[in-house]
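Architecture and fold: a report
Each chain, written out:
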Amino acid sequence: MTAPAPTRVPLYGTTLDGPLTDLYERMRRDHGPVVPVEIAPRVEAWLVIGHRELLHLTRDEQYFSHDPRRWSPLREGRVAADSPLMPLVGWRPALLFADGAAHRRMRSAVADALGRVNGHELIRMVRATAERLVAGFADRHAADLVESYARLLPLQVVTELLGLDEENGARLVETLTTIVAPTVAATGANKRMGQILLELIAGKKRRPGADLTSWLLEHPVGLSDEEVLHNLVVIIVAGNNTTVNWIASTIQILLTDPAFRSSLTHGHLTVDDALDLVLWRQPPTQNFPGRYATRDLRFGGQDIRAGDMLILGLAGANADPEVLPEDGRPVVGNRSYLAFGAGPHTCPARDPARLITRTAVDTLRHRLPDMEIAVPEEQLPWITSPWSKGLAKLPVRFSAPQLAADSPSPASGSPARTSDSPARASDSPAPTPDSPAPDSPDSPAGDRR
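Identification of the protein chain as Cytochrome P450 from Streptomyces antimycoticus is taken from an unreviewed UniProt entry.

1. Some details on the sheet that holds strand β10 (residues 372-373)
Taken in spatial order, the three strands make up an open sheet running β5-β13-β10, and their pairing is antiparallel. For this open sheet the edge positions go to β5 (142-144) and β10, each flanked by a neighbour on one side alone. Sheet topology places β10 next to strand β13 (residues 395-397); two bridges connect them, and they run antiparallel. Counted as the bridge partner of E372 is R397 from β13.

2. Observations concerning unusual backbone geometry
Comment: phi is negative for the bulk of residues other than glycine, and the bulk of peptide bonds are trans. In the segment running from P289 into G290, the intervening peptide bond is cis, with an omega of -15 degrees. Turning to its location among the elements, G290 is positioned in strand β6 (residues 287-293). Although it is not a glycine, R42 adopts a positive phi angle of roughly 65 degrees. Residue class for R42 comes out exposed when judged on its relative accessible area of 68%. Residue H141 is not a glycine yet carries a positive backbone phi of 60 degrees. Exposure remark for H141: the relative accessible area of 36% places this residue in the partly exposed category.

3. Observations regarding the nonpolar core
With 106 residues, the main nonpolar core has L145, Y149, L153 and I251 as its most contacted residues. Every residue in contact with L153, bar those within four places of it in the chain, is listed here: V126, T129, A130, L133, I247, I356 and A360. Membership of the second largest hydrophobic core comes to 26 residues, among which are L20, I39, V79 and M86.

4. A closer look at the sheet that holds strand β1 (residues 9-10)
The six strands lie next to each other as β1-β2-β3-β9-β6-β4, forming an open sheet whose pairing is mixed. Two strands lie at the open edges of the sheet, namely β1 and β4 (64-65), each paired on one side alone. Note that β1 and strand β2 (residues 34-40) share two bridges and pair parallel. The residue bridging V9 from the neighbouring strand is V37, located in β2. Along the sheet, helix α1 (residues 20-31) makes contact with β1, β2, β3 (43-48) and β6, crossing β2 at roughly 125 degrees.

5. Quick notes on the packing of aromatic side chains
Each aromatic ring pair is described using two quantities: the centre-to-centre distance and the angle formed by the ring planes. All chains considered together, the criterion is met by six aromatic pairs. For the pair W280 and Y337, a centre-to-centre distance of 5.8 Å together with 85 degrees between the ring planes defines the contact as edge-to-face. You can see W280 sitting in helix α15 (residues 271-281) and its partner Y337 sitting in the loop between α16 (314-318) and α17 (350-367), a full 57 residues away along the chain. When sorted by exposure, W280 lands in the same class as Y337, which is buried. Ring-pair connections join several aromatic residues into one group, and the members of that group are W246, W280, Y337 and F340. The aromatic ring of Y63 is capped on one face by R295, whose charged end is 4.5 Å from the ring centroid. Above the ring of W382, the side-chain terminus of K389 is found at 5.4 Å from the ring centroid.

Scoring rules and cut-offs
- Note on numbering: residues in each chain are counted from 1, in written sequence order.
- Given that this is a predicted model, residues contribute local features only at a pLDDT of at least 70 and side-chain atom pairs are listed and counted only at 80 or more, while totals for whole chains, interfaces and linings are drawn from all residues.
- Each side-chain value is derived from all of the structure's non-hydrogen atoms; neither hydrogens nor water enter the calculation.
- Note: two strands are recorded as paired if DSSP finds a minimum of 2 bridges between them.
- Comment: elements are numbered from the N terminus, with helices defined as DSSP H or I runs of at least four residues and strands as E runs of at least two.
- Summary of the burial criterion: residues with accessible area below 20% of their type's maximum are buried, those above 50% are exposed, and those between are partly exposed, where the area comes from a 1.4 Å probe applied to protein chains only.
- Grouping buried Ala, Val, Leu, Ile, Met, Phe, Trp, Tyr and Cys residues that are joined through side-chain atoms within 4.5 Å yields what is termed a nonpolar core.
- Contacts between residues were defined by any pair of non-hydrogen atoms, one from each residue, lying within 4.5 Å.
- Every axis corresponds to a line fitted to the C-alpha atoms, with the helix fit spanning only the stretch in contact, and the corresponding angles, defined between N-to-C directions, vary from 0 to 180 degrees.
- Each pair of aromatic rings taken from Phe, Tyr and Trp, with Trp reduced to its six-membered ring, is defined by centres within 6.5 Å and is described as stacked if the planes are under 30 degrees apart, edge-to-face if over 60, and tilted in the remaining cases.
- Over a ring means this: the NZ of a Lys or the CZ of an Arg is within 6 Å of the ring centre and within 35 degrees of the ring normal.

Encoded structure:
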């Protein structure tokens, strides 16, 4: 006798309103560590929120593949080519969608290119960008730190690291937010991003520079132009939206948790402690697709069928009672969170991501020492999707900005574009496990994660 189909939790719409920690707690109570979900109406998947199960999922490529061409709804034509999901779950020739030797080949190129970024120069670039942004709103004594700071800083840094000029960097900015939002506009934005990057690749083949694009093109593994394109987007998406969320959420904690702010001011805690707390409580990427079962199996108390999608429930796994102390609060200094994934696909750029975020937060603290939140915390608006939850606005006010005597532009010189020393974890662009990628202008819309 066939078992009844499980009741699935929608990962869209009003289900995502309110604290997501409460949602994950209900999921765990009702379903255990592996939860039957829908990521869109009638599009089924499994959300893995058990810490132990998520580690198993990320490490076992025999039973769980990264190749979305295995996904049953896609193979059976139940997901339209123009579905808003496709920019996130369509196959691409990038490290995110490969297993085994193919993944190791592309990851080596990406990791080596990121390793050529000079950590000290990157700090100087981030600080100069931060100083310039603060100077732009300092005389108003008020700002929305999402719109005027967190959303601008990572992208300005990443576009410079890629070797994009100012005009094309601005074009890229316009596409990024749309790509990660589950709307019909995502497919068109995906194609626009592909065109911008193809133009960049063509230019760097003619005139290489000291930048990530050139380093990927010249890497000895011999990436094709198409592979460079799609792996660049892994870097871009990881280096932008997730870092935006990380910066904004860290500043929010410093503004709304008086005890934490006092401990930081008096040297009992560090900015890195605040960064870690955000990665535990509010990871920049909440859920991350996907793995695809290669055969029928029993996993986390659920019957998984070959071709099913399993989603990395990063935030839910962080909140697993099995890995938290009895009071449910993460211990300061504990970095066993799963915000960057785990296993062979752990985010290859987590160290520079930390460097960018730490420098952004630290610069803001020193330039606006008396800033305070301008609305009650409960009135802060959020942007939610199946994949992330981030602040839409963070209004603050301040009375005495401490501006730097000189706020140099990152364009003066070529900061962070030297191979003298890599960005180190101790100093330290881009969270999430291997991240999303766009359509090339000529590829079908149904191509991704």
